[in-house]
Amino acid sequence: MIKYLVLSLSMLTTCSVGTIQAQVVSVPEPRFEVTGVVTGSILKVAEAVSQLPAGDTVHLVIDSPGGQVYPGMQLSQALDAARTRGSRVSCYVLKMAASMAFQFLAHCDDRYVMANSLLLWHPVRVSVGMGARFTPRAASQLAADLRRVEDYLVMDLRTSFKLDQDQFLEHYHAETLHFGADLKRLTPGWVQLVVDIQIPGRTYTAPAPRVTPQGPTTLEYISPKVLKLWEATHAP
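Residues numbered from 1 in each chain as written. Predicted model: local features only at pLDDT ≥ 70, side-chain atom pairs only at ≥ 80, totals over all residues. Heavy atoms only, no water.

> Any chance you could explain the nonpolar core here in plain terms?
Soluble, globular proteins show a tendency: their nonpolar side chains are buried together. Of all hydrophobic cores here, the largest spans 43 residues; its most connected members are Leu75 and Leu105. Elements that contribute at least two residues to this core include exactly strand S4 (31–35), helix H1 (42–50), strand S5 (58–64), helix H2 (69–84), strand S7 (89–98), helix H3 (100–103), helix H4 (136–160) and helix H5 (165–174). Setting aside its immediate chain neighbours within four residues, leucine 75 contacts Val34, Ile42, Val45, Ala46, Val49, Leu60 and Phe104. Core analysis: the next-biggest nonpolar cluster, separate from the first, contains 10 residues, Val25, Leu94, Tyr112 and Val194 among them. (Core = buried A, V, L, I, M, F, W, Y, C linked by side-chain atoms within 4.5 Å. Buried < 20%, exposed > 50% of the residue type's maximum accessible area, 1.4 Å probe, protein only. Helix = DSSP H or I, 4+ residues; strand = E, 2+ residues; numbered from the N terminus. Contact = heavy atoms within 4.5 Å.)

> Where do I start with the state of the cysteines in this structure?
Such a bond, covalent and formed between the sulfur atoms of two cysteines, is termed a disulfide. Tallied over the full model, the rule gives 1 disulfide. Through a disulfide, cysteine 91 is tied to cysteine 108; the S-S separation comes to 1.9 Å. Judged by the sign of its S-S torsion, about -65°, the cystine formed by cysteine 91 and cysteine 108 is left-handed. Taken together, the residues cysteine 91 in strand S7 and cysteine 108 in the loop between H3 and strand S8 (110–114) connect sequence positions 17 residues apart. In this structure, cysteine 91 and cysteine 108 share a single accessibility class: buried. (Disulfide = S-S within 2.5 Å.)

> I would appreciate a short explanation of the pairing of S5 in the present structure.
Strand residues, when the strand is regular, have side chains that alternate between the two faces of the sheet. Across the 7 residues that make up S5, a large majority, 7, are buried. With burial as the criterion, each face of S5 is covered, one bearing Val58, Leu60, Ile62 and Ser64 and the other bearing His59, Val61 and Asp63. Pairing geometry for S4 and S5, over 5 bridges, is parallel. Note on S5: the bridge partner recorded for threonine 35 is aspartate 63. (Pairing = 2+ DSSP bridges.)

> Which parts of the structure should I look at to understand H5?
Note on helix geometry: an α-helix contains 3.6 residues per turn, so any two residues three or four positions apart are oriented the same way. Turning to H5, its buried residues are Phe168, His171 and Tyr172. The arc that holds the buried residues of H5, viewed along the axis, is 105°, so those residues lie on one side. Exposed and facing more than 90 degrees away from the buried side of H5 are Asp166, Glu170 and His173. Looking at the packing, one finds that the buried side of H5 touches H4, strand S11 (178–179) and helix H6 (180–186). Glutamate 175 lies just past H5 and shows a positive phi near 55°. (Arc of directions from axis to C-beta.)

Here it is in C-alpha cells:
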C-alpha cells in the first residue's frame, strides 16, 4: 500500500513501499537552474540569487558536468551570502552534478539526489587554447595559480563534505563517478535520496553542453570522461 503525505513547507511527498522509505520532491519557486557546462553565463544566476529577499529559500536545480572555475566560484559565494542573510539553500541534482557543479553542493543546506544521479569531484585542469605560448616563468606561475585554486576548492569541499581525508583523496584522484545511492552510503546524512525530482508546470530538458574559452587559457573544473557521458545521456 502506498501512502502519500504532503508537507506544505518543504513540498515533499513521502512514499512508503513496503519497508522502503523514499520521497518525490517538487521544486517550488523561486527556482534557479545550473544546466549544461558552467561558463560566464552563470553570473546571471549568481546575480539573481543575490537579489532574493532575505530569508527566502533558494531552490537550485543542478544538471551539469562542471566547467569554468571562476564563474562557478561567484555562484558559490552568492549562495553563501544568501545563507548569511537567513536564507536556506536547497539543491536538487537531476542527471548530473560533477566537477565544478559538484562544488555547489558544498554551499547547500539540503541536497536532494536520485539513485542514478551522477556525482564526481576531481583535480582542477587548465585548458590551453590553440596558439597559446608560455615562457618558463609564465608556466611556473600558471602551475602555482592552479595549485592555489585547487587547494581552495578542496578545502571548500571538505569543510562541508563529511568524508575522511584518505577516502576523499582516493576518490578525488581516481575521479570516481558515483551514483546518488552510492554517495548516500559513503557519506550518510550529506545527501537525501529521492525517487524523483519534479519541476511543476513543465518537462525538464537539459541543453547540450557549450564550452566557450575566454582567452588562450581557461581554468576548468570538468572531467573529459564526464563530458562525454554528459553528451551521451543528454542526446537531442
